[in-house]
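The primary structure of each chain is shown beneath.
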Amino acid sequence: MLLHLFSTGPAFAQKSDLLIRNGHVIDPANQIDKVQDILIDKGKIVKVGHPLSDSASKIIDVKGLYITPGFIDTHTHVFVGPEAGLFANGVNSVSPDDFTFKSGVTTVVDAGTSGWRSFPLFKKQVIDQSKTRILAFLNISGEGMTGADREQNLDDMNVDSTAALILKYPENIVGVKIGHFNGKDWTPFDRAVSAASKTKKPLFVECHLPEYPLEYQLAKMRPGDMITHSFENIKERTPIVGPDGKVKLFVLEAKKRGILFDLGHGGAGFWFDQAMPAVKQGFYPNSFGTDLHRFSMNSGMKDMANVMSKFMALGLSLEQVVQIATSNPAKAIGHEELGNLKAGNVADLAIFRVRDGEFGFTDSAGNSITGSKKLEVEMTVRDGKIVWDLNGLGAKKQKQ
């Protein structure tokens, strides 16, 4: 009889932390597109299936909603700090937790706001203090995005120092960034490629390189490198769509060669006159970098959910935009443990509804289109914990 007191059978089994039931799971990496339950314990996904046992401390029924891996934003500026007018340690960056979870984003990649000199402060001041997972592309400019004058200093673009810092913080830094250089000298670009090559990391190429022809930039990039602001139409960079309305041949060849095109919406980086013909020709972004910063979120960009809805209005399916927001970027930044719901992985989830109606979406030029569907994030789970709950699905019901 005493043996039964110590039984490890079902009656004595320890409950898991959270069971999310009856949601339509879309997990492109694992080819799941159906109603499933997700069991979570100690911040990890235990099992995905349907139906699952109700052995959990908290059970949430999300029937009628979609469940996907937490969204990954590959282009943000979150090195927030006290410096007026700057992105690095400045007020032009934003505090990530203020904006990520409400749009289903659980991981952001800072796009070179810090460099090898300033990254330690960024890590101490923002990365280590945030609930959002923050990864980073390290700027080849040592002090990062500190204004035009400093970002032109070739002496501060040190390959060895950049590579050494990447190797020191491999859990945080995913690659090297080049951008914001006004000269014709290719030394900054070449040094960025060299630092990325030495560390076996991707290069992230931003716009604001007005003297570098786009065709030459793409030619210098390696398979797996990323270029952002893909649908931009401003003077400082050649647009990807030609006067004939077709995506230029050298752009198509670069994509075929393995160059990855990030959205980089931002305040000025997304134009319908580029995106509409490109999408119709089957040219989609590989990732939905929003270029989140102080100005973009208050202009045409809004947030990740709005960007995904915008591309559905342009003709992409829900499954396609989920892949572009989850498994595609996870692979691009070398973190394939993210962006999917495999058992054993961290429990980062976006739970949302797709509203039907008539919705307007804007670009960076002040133009708008109308779409019939819009994503609205109901709940976000980060590391197994509910960090956003729009309508209290995970809350206790108050007696009335």
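Preceding this paragraph is the structure being described.
Here is a short report on the structure shown in this document. The model shown is predicted, which means the values in this text are computed figures rather than measured ones.

Attention now goes to the overall build of the protein chain. The helix and strand tally for the protein chain stands at 10 helices and 16 strands. Since a compact globule built from 400 residues should have a radius of gyration of about 21 Å, the 22 Å found for the protein chain is in line with a globular shape. For the protein chain, the spread of C-alpha atoms along the three principal axes comes to 85 × 45 × 40 Å. The proportion of buried residues among the 400 residues of the protein chain is 55%. Counted over contacts in the protein chain with a minimum sequence separation of 6, partners at least 24 positions apart contribute 72%. Of the roughly 17400 Å² of accessible surface on the protein chain, a fraction of 51% belongs to carbon and sulfur atoms.

Structurally, the position occupied by S141 is in the loop between β9 (133–139) and α3 (159–168). We classify S141 as buried; its relative accessible area is 3%. Once residues within four sequence positions are removed from consideration, S141 is found in contact with G115, W116, R150, E151, D156 and M157.

For strand β1 (residues 16–27) and strand β4 (residues 56–61), the ladder comprises five bridges, and the chain directions are parallel. Its bridge partner lying in β4, R21 is registered against D61. Relative to strand β2 (residues 32–41), β1 runs antiparallel, the two being bridged by eight bridges. What sits directly across from D27, in β2, is I32. Once β1 ends, the chain turns through four residues before running back antiparallel as β2, passing Q31 with a positive phi of about 55 degrees. Relative to strand β5 (residues 66–69), β1 is paired through two bridges, and the arrangement is parallel. Looking at the pairing, V25 lines up with I67 of β5.

Here the focus is the packing of aromatic side chains. Centre-to-centre distance and the angle between the planes together describe a pair of aromatic rings. Applying the stated criterion across every chain yields a total of 17 aromatic pairs. Here the aromatic rings of F270 and F272 are separated by 5.4 Å at their centres, their planes lie at 80 degrees, and the arrangement is edge-to-face. Here F270 matches F272 in class, with each residue buried. Three or more aromatic residues link up through ring pairs in this structure, and these residues are F231, F261, F270, F272, F283, F288 and F311. Above the face of the F283 ring, K255 is positioned so that its terminal group lies 4.3 Å from the ring centre.

Reading the values: the criteria
Residues numbered from 1 in each chain as written. Predicted model: local features only at pLDDT ≥ 70, side-chain atom pairs only at ≥ 80, totals over all residues. Heavy atoms only, no water. Helix = DSSP H or I, 4+ residues; strand = E, 2+ residues; numbered from the N terminus. Rg over C-alpha atoms; globule rule 2.2 N^0.38 Å. Buried < 20%, exposed > 50% of the residue type's maximum accessible area, 1.4 Å probe, protein only. Contact = heavy atoms within 4.5 Å. Areas by Shrake-Rupley, 256 points an atom, 1.4 Å probe, with all protein chains shown as cover. Pairing = 2+ DSSP bridges. Phe/Tyr/Trp six-rings, centres within 6.5 Å; stacked < 30°, edge-to-face > 60°. Lys NZ or Arg CZ within 6 Å of the ring centre and 35° of its normal.

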